[in-house]
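Below are the chains, spelled out letter by letter.
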Amino acid sequence: MKLSVPGRTLATATLALAGLLAAGAPTQAAQSAPSAAAAPDIPVANVKAHLDQFQSIASANGGNRAHGRSGYRASLDYVKAKLDAAGYTTTIQQFSYGGSTGYNLIADWPGGDTAQTLMTGAHLDSVSSGAGINDNGSGSAAVLEAALAVSRAQLQPDKHLRFGWWGAEELGLVGSRYYVNSLSSTERSRIAGYLNLDMVGSPNAGYFVYDDDTLLEQTFKDYFAGIGVPTEIETEGDGRSDHASFKNVGIPVGGLFTGAGRTKTSAQAQKWGGTAGQSFDRCYHSSCDTTANINDTALDRNSDALAHALWTLSSGTTVPPDGDVYENTADVSIPDYGSAVTSTVNVSGRSGNAPSALKVGVDIKHTYRGDLVIDLVAPDGSTYRLKNSSGGDSADNVIATYTVDASSEAANGAWKLRVQDVARWDTGYIDSWKLTF
């Protein structure tokens, strides 16, 4: 996991429909995940065997698997060989950072609807000070073994499955951001959800679930509830791992985490075991992050939780909601602590009034979303509050879909999105917004 990230936490991604709506379609309140065949148990011995290989690679390559070092490329080659033998189509994506060549590895399982791609990933690089077996050999190994389980089962999911191993995460989410930026808007819209595993074998483990997307969050929470393990919302790594690269472009994200440098509280130790007053991972970003730094139980549970999510979320088909979309993609700057600005969507050719469930999709890039007040203004000047300002809402960006009862408004006319920044020190712009009738 990256130590820090510039700016504040990235925005909450739009909620997904049951079964994962393709990104870019108007979203609705999340429902229960579709039923699916039971996922297989992931043998923790298999996951640990991958960790042993990562440790051996680090030991043979200067003690680490960091970006630009031979240990990273050897780790990638090991993962790629396993996937190639299992029937995956693999692609190595090359990028440059800090004067060194970096690599991402992408693996696609044949079949499934590529317009609804469920993607899972983990960063493969370590810091330069150690082998990075928990951070993030654990996530990389769990994702690898889950992908191999798909092959062993010869799974034929309704949705397309894609897996990614990212380079240079420890230097600022470089690899995953490069991947996302390399995709066209159409390609991004085909990624219906992204699951991230970063540090899932912490020795003094907690059980944390990302809360960025309701459906993805609930799928993981349902698994842990089924085995009697309480969970908490993940906050320590919010915006500091590769899910942020996907989340920042509006792709729904979810994931798992067992803790890094924060201290386990007495209440957490009571419900999870372990030692209160001690870090979840005392070897975080240190040379002692070796195979001796893994909690087998946490690694096993999180690997099985990932398999459950893959089997559950990849089944079933999704029909996008009916409706006509009217959109404005012109950027409008939002002045810092200034007057409100508006962006207009003109609706014409419709009869009667707007619907009682008018969807308002908003994409605002901003460095502190808590400063923003957002309204929808109907053609007759009626105002519908979408979002209030909040000093406690410290994330970046507003990428969300709101539902408004506009049945008393004439459908045709100039609809406006009005945005005001009500506090100092932050900047942003309206990227785009749309109405779905």
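First, a word on what this report is: a plain description of the structure on this page. (Residues numbered from 1 in each chain as written. Predicted model: local features only at pLDDT ≥ 70, side-chain atom pairs only at ≥ 80, totals over all residues. Heavy atoms only, no water.)

1. Regarding the environment of Arg-418
And step 1. Looking at the secondary structure, you find Arg-418 in strand β16 (residues 413-421).
And step 2. Judged by relative accessible area, Arg-418 falls into the partly exposed class, the value being 29%.
And step 3. Sequence-wise, Arg-418 and Gly-226 are 192 residues apart; in three dimensions their C-alpha atoms are separated by 44 Å.
And step 4. Ignoring any residue separated from it by four or fewer positions in sequence, one finds Arg-418 in contact with Ala-340, Val-341, Thr-342, Val-373, Ile-374, Asp-375, Val-377 and Thr-383. (Helix = DSSP H or I, 4+ residues; strand = E, 2+ residues; numbered from the N terminus. Buried < 20%, exposed > 50% of the residue type's maximum accessible area, 1.4 Å probe, protein only. Contact = heavy atoms within 4.5 Å.)

2. Considering the sheet that holds strand β14 (residues 383-387)
And step 1. Ordered by their spatial adjacency, 4 strands build an open sheet running β11-β16-β13-β14, and the pairing between neighbours is antiparallel. Strand pairing shows two members of the sheet lacking a second neighbour, β11 (341-347) and β14, which therefore form its edges. Each adjacent strand pair in this sheet contributes to an overall mean axis angle of 20°, direction not counted. (Pairing = 2+ DSSP bridges. Axes fitted to C-alpha atoms, helices over the stretch in contact; angles between N-to-C directions.)

3. Considering the side chain of Glu-409
And step 1. Relative to the elements of secondary structure, Glu-409 occurs in the loop between β15 (398-404) and β16.
And step 2. Once you skip the residues sitting within four places of it in the chain, Glu-409 turns out to touch Asn-353, Ala-354, Ala-378, Asp-380, Ser-382, Tyr-384 and Trp-415.

4. Focus on helix α1 (residues 44-59)
And step 1. Given a rise of 1.5 Å per residue, 16 residues ought to cover 22 Å, and the 22 Å separating the end C-alpha atoms of α1 matches this to within 8%.
And step 2. Of all the positions in α1, only Val-47, His-50, Leu-51, Phe-54, Gln-55, Ile-57 and Ala-58 are classed as buried. Angular distribution of buried residues about the axis of α1 spans 160°; they occupy a single face of the element. Residues Ala-45 and Ser-59 are exposed on α1 and point more than 90 degrees away from its buried face. (Expected span 1.5 Å × (residues − 1). Arc of directions from axis to C-beta.)

5. Considering the pairing of strand β13 (residues 372-377)
And step 1. Of all 6 residues in β13, 6 are buried; the element is thus mostly enclosed.
And step 2. Of the two faces of β13, both are covered, the one formed by Leu-372, Ile-374 and Leu-376 as well as the one formed by Val-373, Asp-375 and Val-377.
And step 3. In this sheet, β16 lies alongside β13 in antiparallel orientation, the contact comprising 6 bridges. Note on β16: the bridge partner recorded for Val-373 is Gln-420.
And step 4. Across 4 bridges, β13 lies against β14 in antiparallel orientation. Bridged to Asp-375 within β14 is Arg-385.
And step 5. Counting the residues that bridge the hairpin from β13 to β14 gives 5 residues, and of these Gly-381 lies at a positive phi of roughly 95°.

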